Amino acid sequence: MSMTVPDFAHWFTPGAVVPTEDRGDVVFRVREVGEITLPTGRLVACDPIVHLGDDEEPPEPFVVGVPPGRYRVQTAEASFTYPYDHTVNAAARLVVRDLPAVRWEPALVPGEPAPEDDCFGYGVDAGLGCFLDAAAHHSFPGTADEEGVIWEVLDGPENPDAFVAEGENGHSVAVFGSGWGDGLYPTWVGRDADGEVACFVTDFRPFRFAKAL
């Protein structure tokens with residue numbers, strides 16, 4: 001099998017439309033979630049409820065890193081109107097450079113073999129994904145026990161499907177709903193024309209229940 005990279009540039013174009021075989025036209029909206037700090041430049045993507053603070057199975061940072069700094073996080077929301085109205089996060093993007101990505105490669109962790117298809121990524125069991133720095137692993141205590149700042153937002157009156165939470169020691173995390181829910185979701189590294197990292201995108205497979213045309 002060969003890897004097929006979704007058309008992320010289209011997904012992150014406000015008002016973009018993708019027709020499907022059985023669910024009509026899907027309309028995309030870009031949402032600015034906020035900025036997170038990556039003090040080490042080692043990016044982690046994982047299910048925050050399952051993995052934050054877990055020393056038995058801690059999430060590993062991607063092999064490809066970025067310069068330490070603050071980075072914008074966006075989601076591409078896909079709105080389905082047939083057979084009922086529903087909006088899901090199609091993808092989450094960490095913007096490193098405001099330049100278009102012209103080449104994509106799997107974002108892998110140390111020791112992870114190069115995939116032959118798109119069946120790679122991190123597992124989600126709580127319907128959420130996130131981006132954070134590897135050094136922030138213990139900055140959100142109580143998350144696995146439904147306590148702490150992440151749960152304060154999740155249980156709050158707004159109950160957003162994407163937000164930035166501030167943890168201990170100045171660390172931050174961007175949290176977002178994982179498309180239709182639990183599953184295995186790949187993250188891709190997008191590189192610009194000079195070969196520099198332009199972004200990281202987690203694909204939440206918005207068309208897993210519909211065939212895009």
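Calculation rules
Residues numbered from 1 in each chain as written. Predicted model: local features only at pLDDT ≥ 70, side-chain atom pairs only at ≥ 80, totals over all residues. Heavy atoms only, no water. Patch = residues over 30% accessible without salt bridge, like charges linked within 9 Å, V, L, I, M, F, W, Y side chains within 5 Å. Areas by Shrake-Rupley, 256 points an atom, 1.4 Å probe, with all protein chains shown as cover. Salt bridge = Lys/Arg side-chain N within 4 Å of Asp/Glu carboxyl O. Lys, Arg positive; Asp, Glu negative; His and termini not counted. Charge placed at Lys NZ, Arg CZ, Asp CG, Glu CD. Helix = DSSP H or I, 4+ residues; strand = E, 2+ residues; numbered from the N terminus. Buried < 20%, exposed > 50% of the residue type's maximum accessible area, 1.4 Å probe, protein only. Pairing = 2+ DSSP bridges. Axes fitted to C-alpha atoms, helices over the stretch in contact; angles between N-to-C directions. Core = buried A, V, L, I, M, F, W, Y, C linked by side-chain atoms within 4.5 Å. Contact = heavy atoms within 4.5 Å.

Undergrad: Mind showing me how you'd approach a negative patch on the surface here?
TA: On the surface, Asp145, Glu146, Glu147 and Asp155 cluster together into a patch of negative charge. Relative to the assigned elements, Glu147 resides in the loop between strand 8 (128–133) and helix 3 (149–154). According to the relative accessible area criterion, Glu147 is partly exposed, its value standing at 49%.

Undergrad: Honestly, the sheet that holds strand 3 (residues 43–46) in this entry has me stumped. Any pointers?
TA: Strand pairing in a sheet relies on backbone hydrogen bonds, with the paired strands running either antiparallel or parallel. The strand order 3-8-10-9 describes an open sheet built from four strands, whose pairing is antiparallel. Two strands close off the open sheet at either side, each with one partner strand: strand 3 and strand 9 (162–166). Mean inter-strand twist for the sheet, computed between neighbouring axes without regard to direction, equals 20°. Of the pairings in the sheet, the one linking strand 8 to strand 10 (residues 172–177) comprises five bridges and is antiparallel in character. Residue Leu128 lies in a different strand from strand 10, and its bridge partner there is Gly177.

Undergrad: What's the story with the nonpolar core in this structure? I'm lost.
TA: A general tendency of soluble globular proteins is for nonpolar side chains to be buried together. One finds Val73, Leu94, Phe131, Phe176 and Phe200 to be the most contacted residues of the largest nonpolar core, which totals 25 residues. For this core, the secondary structure elements donating two or more residues are strand 2 (25–38), strand 3, strand 4 (69–80), strand 5 (86–95), strand 7 (122–124), strand 10 and strand 13 (197–203). By residue number, the principal contributor to this core is strand 2, which donates three residues. What Leu94 contacts, discounting residues up to four positions off in sequence, is Ile36, Leu38, Leu43, Tyr71, Arg72, Val73, Phe131, Ala198, Cys199 and Phe200. In this structure, Val18, Ala91, Cys199 and Phe207 belong to the second largest nonpolar core, which totals 20 residues.

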